[in-house]
Every structure is written in C-alpha cells, then in structure tokens.
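As a plain string of letters, each chain reads:
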Amino acid sequence: MERLDQIRAEIDQYDQQIVEYFEKRIKKALEALEIKQELGLPILQQDREQLVLDKVVRHLQDKELTQEIQELYRIIMKLSRQIQAKKWNLSDLLLIGESILLPIGEPLSKKTIAFQGEPGAFGHQALKKYFGNKETVLHFEKFEDVFKALVEGNADYGVLPIENSSTGGIHEVYDLLLKYDLYIVGEEILPIEHHLLSVEGATEESIVEVYSHIQGFRQCKSFLDQHPDWKLITYDNTAASAKLIKELNETSKAAIASKEAAELYGLKVLKNNIQTNQENWTRFIIVGRKVELSEESKKISLIYSLRHNVGSLYDSLGIFTKHGINLVKLESRPIPNQPWKYHFYVDVEGNLLDKQIQRAIEELQENIINLKIIGNY
Ligand SMILES: C=C(O[C@@H]1C=C(C(=O)O)C=C[C@H]1O)C(=O)O
C-alpha cells in the first residue's frame, strides 16, 4: 500500500501542475480574446486549433498516446472557447446544464446565403423556396466551401442537402456539421425530379456519355440500368453538368438534372422524370452561425458518441423515452481513426427553452461522450 500511496502522491503533484497550467492557459486565451474583439475576429480559429493539435502530438514522447492527447486538447480548446464566449457576451448565450453554452441569435434581416453547385441546382431551388428571391446569393463548388464561407463571415446562411428519401443521408454534410461549430436554423423539403437533358438534335439513342452528381445517378438507377452501355461521369453538381453539356454541344452527351437547369442552360428534355421512386424528396438544412430560438422551434439536432459497452446506445435513447421526448431520426457515422466507433446524429422533438428538455440533455450528457447540439428549428 505504501508504494501505491507514493505513486498517488506523485500523481497529485502532477495534477497540481496541470491545474496551474490550465489556469495560466485560460488567462492567455482571455488575452487572445481581447485582441480578437479589437480586430473583430471570431472566437473560433480553426487553423490555430489544428496547429495546436499538431504541435502537442509532436511534443509527445510516446506516440501511442496520439489519439488521447488530441482528444484531451480538443476538450481543452472547446472549454477555452466556452470560457471566452461567456466573457464575450453573456446575454447572447444559452447555458444548458453546467457546461453546454450555445450562441443564440435573432434571424438576420439582410443576409447573404450560400449553396453548393451552380445556379439551377436543387440546393438553389431549396434556397429560393425557403428565403424567397430577394436575397444575395453565393454559390460554391464544394459543400465545405459553404461552411467556410459562414465561418469566415462571407455568408450568413448556407443551404445544404442532408437526406434524400430514396438514397438516405448525405454523409459529407453530416461530417461537416460535426467539424464546424455552425447551427441548423431551419429545413426545407423539396420534391426532386430528374430529367435526361441534352442539346438540340440529340435523342435517347444518340447518347453515349451521361454527366451528373452521384446522387442523380443513384436516384435514377433503374432507368440507367436500361442503358448499360452509357458511360456515367460523376460531376460536382447536377446543374453544373447541365451547364457543361450546353458548352460541349454534342448530341452524344447528356446530363441528369432538374427542369430548372434545362431552362436556365437552354437544354432539351430527352426523357422526363427518370428518378426510380416517383416519391423522391430531399431534405435541405439551413445553417447559420447561431442557434435561432423561437416558440416555434420544435426539432433539436444532436451529435454524440458512446462508450464501448453493452447497451450504451439503448441507454442513451432510453433517456428520451423517460422524459417523454419523441425521437424522429437516428443516423450514425464512423469516427475517423477509431474503427467501429460511431458518432450518432439524433433529432428529437422539443424546444431548448423547455426545462424538461434541458433536464433530459443534462442526463444524456452524463451518459455519453462529447455531446454537440447543432440546432433547434
Ligand atoms: C485561444 C484562442 O481561442 C480559441 C481557442 C484556442 C486554444 O484554446 O488554444 C485556439 C484557437 C481558438 O479557436 C486563440 O484564438 O488563440
């Protein structure tokens, strides 16, 4: 026992140093905050955080601890941000339990909105359906560019597809929601109709190559299976492929895209409604920099991971049942570098201002790892 006491005394000493250095680190983060406030920079500096993560791994002598040190530093930096946020402006934050701080904002009146793809893309249609036609619109090549535009302040809202009723979740967008500290403020469901488009003079028989987004191909699989000789070329976006077909102007090439894209780029519809399921819908999310709470907010989106023990998912979901909260969606994504471990994306019905919901979230937090609330809309 004496030996164990001796070891624990040493651990106590290290803890004292860790606490001392943690406090020093937080003080410095608050000094950094003052400068960021002067310069009008956001609290979160993802590039800097990545550098910190790389540096601490380099300091490690035992590289087997790489994942653990990164996990520890992700938590330290998140706390550092939360402490900075508390200081920044308390009235703009919602505190749930003891440690979940959410930035709260009002819907912006004058706004710039970003979508992925070219004009005429389904994302563009969802944007117009949700926001109307009067807003300033930006479009980007990649989903991640939309997230970056928000973080960098170049756009106020982003419109992104999250799920298709025939082919399921859009995984890349799920992963980006975890990576960036942005929030879902709304959603829009759009019926998706795909058409085979080409230039004047083309017929179904003249086609050799077809361009579309991978989702376009997946959602039209039965039709494409009838043309096994067609070469399918995956493109960034359905509307971008329509634009390309117009530019190439060849009767052997076609795109799979919307009617709107056909009209916008002056293409002929060779075949209408080629999606496999006539009930084909895509749910788009509207992402912003803050949680926008109102009495009408009725769906909460959460991400969490679990300890690897029997029944952990069941137990976590049981907490919602116990508090009478309806679960409306469950999706899982693998955690990079941790084979067979998952992040769970859960949508439940409720409003974050409701005390019952807050109690359930607090209880959930005690039973899971890394809870992230990504919106109430
Ligand atoms: C302390 C800062 O604020 C945040 C927290 C960081 C940290 O704790 O190391 C790093 C980057 C920022 O996201 C900073 O900007 O340096």
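Residues numbered from 1 in each chain as written. Predicted model: local features only at pLDDT ≥ 70, side-chain atom pairs only at ≥ 80, totals over all residues.

The chain goes by Bifunctional chorismate mutase/prephenate dehydratase in an unreviewed UniProt entry, where it is assigned to Tepidibacillus decaturensis. Of the comments in the UniProt record for the chain, the one headed Subcellular location (unreviewed entry) reads "Cytoplasm". Heading Function (unreviewed entry) of the UniProt record for the chain holds this comment: "Catalyzes the Claisen rearrangement of chorismate to prephenate and the decarboxylation/dehydration of prephenate to phenylpyruvate." (UniProt positions renumbered as here; feature names shortened; annotations may be inferred.)

S.K.: Honestly, the site of the ligand in this entry has me stumped. Any pointers?
M.R.: Ala29, Ala32, Ile43, Leu44, Gln45, Arg48, Glu49, Val52, Met77, Ser80, Arg81 and Gln84 make up every residue found near the ligand. Of all the secondary structure elements, the ones that give two or more residues to the shell around the ligand are helix H1 (2-39), helix H2 (46-59) and helix H3 (66-88). Top contributing element to the shell around the ligand by residue count: H3, with four residues. Grouping the constituent residues of the shell around the ligand by class yields six nonpolar, three polar and three charged. (Near = placed C-beta within 6 Å. Helix = DSSP H or I, 4+ residues; strand = E, 2+ residues; numbered from the N terminus. Nonpolar A, V, L, I, M, F, W, Y, C, P; charged D, E, K, R; others polar.)

S.K.: What's the story with the nonpolar core in this structure? I'm lost.
M.R.: Most often, soluble globular proteins have nonpolar side chains that are buried together. With 74 residues, the main nonpolar core has Val146, Leu160, Leu197, Ala242 and Val287 as its most contacted residues. By residue number, the principal contributor to this core is helix H5 (residues 143-151), which donates five residues. Composition of this core by domain shows at least three residues from each of domain 2 (195-281) and domain 3 (294-377). In this structure, Ala242 is in contact with Gly120, Leu197, Ala255, Ala257, Ala261, Ala262, Tyr265 and Leu267, ignoring residues within four places of it in sequence. (Core = buried A, V, L, I, M, F, W, Y, C linked by C-beta atoms within 7 Å. Buried ≥ 20, exposed ≤ 12 C-beta atoms within 10 Å, placed from the backbone. Domains from an automatic or database assignment. Contact = placed C-beta atoms within 7 Å.)

S.K.: How should I be thinking about the UniProt feature "domain: Prephenate dehydratase" (unreviewed entry) in the chain in this particular structure?
M.R.: Under the UniProt annotation, the feature "domain: Prephenate dehydratase" (unreviewed entry) is placed at residues 112-289. Secondary structure within residues 112-289 divides into 32% helix and 33% strand; the distance between the first and last C-alpha atoms comes to 12 Å.

S.K.: Honestly, the domain arrangement of the chain in this entry has me stumped. Any pointers?
M.R.: Much of the literature gives interface size as the accessible area that the parts lose upon coming together. Taken as a whole, the chain is organised into domain 1 (2-88), domain 2 (195-281) and domain 3 (294-377). Between the C-alpha centres of domain 1 and domain 3 there is a distance of 26 Å.

S.K.: Any chance you could explain helix H9 (residues 238-248) here in plain terms?
M.R.: One full turn of an α-helix is made of 3.6 residues, so residues set three or four places apart face in the same direction. Considered for burial, the residues of H9 that qualify are Thr238, Ala239, Ala240, Ser241, Ala242, Lys243 and Ile245. The secondary structure elements touched by the buried residues of H9 are helix H4 (122-131), strand E8 (195-198), strand E9 (209-212), helix H7 (214-219), strand E11 (253-257) and helix H10 (259-265). In the segment just after H9, Asn249 is the residue with positive phi, at about 55°.

S.K.: Mind showing me how you'd approach the packing of H5 against helix H6 (residues 171-179) here?
M.R.: Helix packing geometry: the angle between the two helix axes and the distance between the axes. It is at 10 Å that the axes of H5 and H6 come closest, and there the two elements cross at 25°. One way to sum up the angle between H5 and H6 is to call them roughly parallel. H6 is crossed by H5, and the crossing has right-handed handedness. Note on element contacts: H6 touches H5 through Glu172, Val173 and Leu176, opposite Phe143, Glu144 and Phe147. Here the residues of the contact of H5 with H6 sort into four nonpolar, no polar and two charged. (Axes fitted to C-alpha atoms, helices over the stretch in contact; angles between N-to-C directions. Parallel < 35°, antiparallel > 145°, perpendicular 65-115°, else oblique. Left-handed = near helix turned anticlockwise from the far one by under 90°.)

S.K.: Looking at this model, I keep getting lost on the sheet that holds E11. Mind explaining?
M.R.: Backbone hydrogen bonds are what pair the strands of a sheet, in a parallel or an antiparallel way. Ordered by their spatial adjacency, five strands build an open sheet running E10-E9-E11-E8-E12, and the pairing between neighbours is mixed. Both outer strands of the open sheet, strand E10 (231-234) and strand E12 (268-271), are each paired with one neighbouring strand and no more. Across the sheet, the mean angle separating the axes of adjacent strands is 35° when strand polarity is ignored. Here E8 runs beside E11; their pairing, made up of three bridges, is antiparallel. Its bridge partner lying in E11, His195 is registered against Ala257. Relative to E11, H9 is tilted by about 155°, and along the sheet it contacts E8, E9 and E11. (Pairing = 2+ DSSP bridges.)

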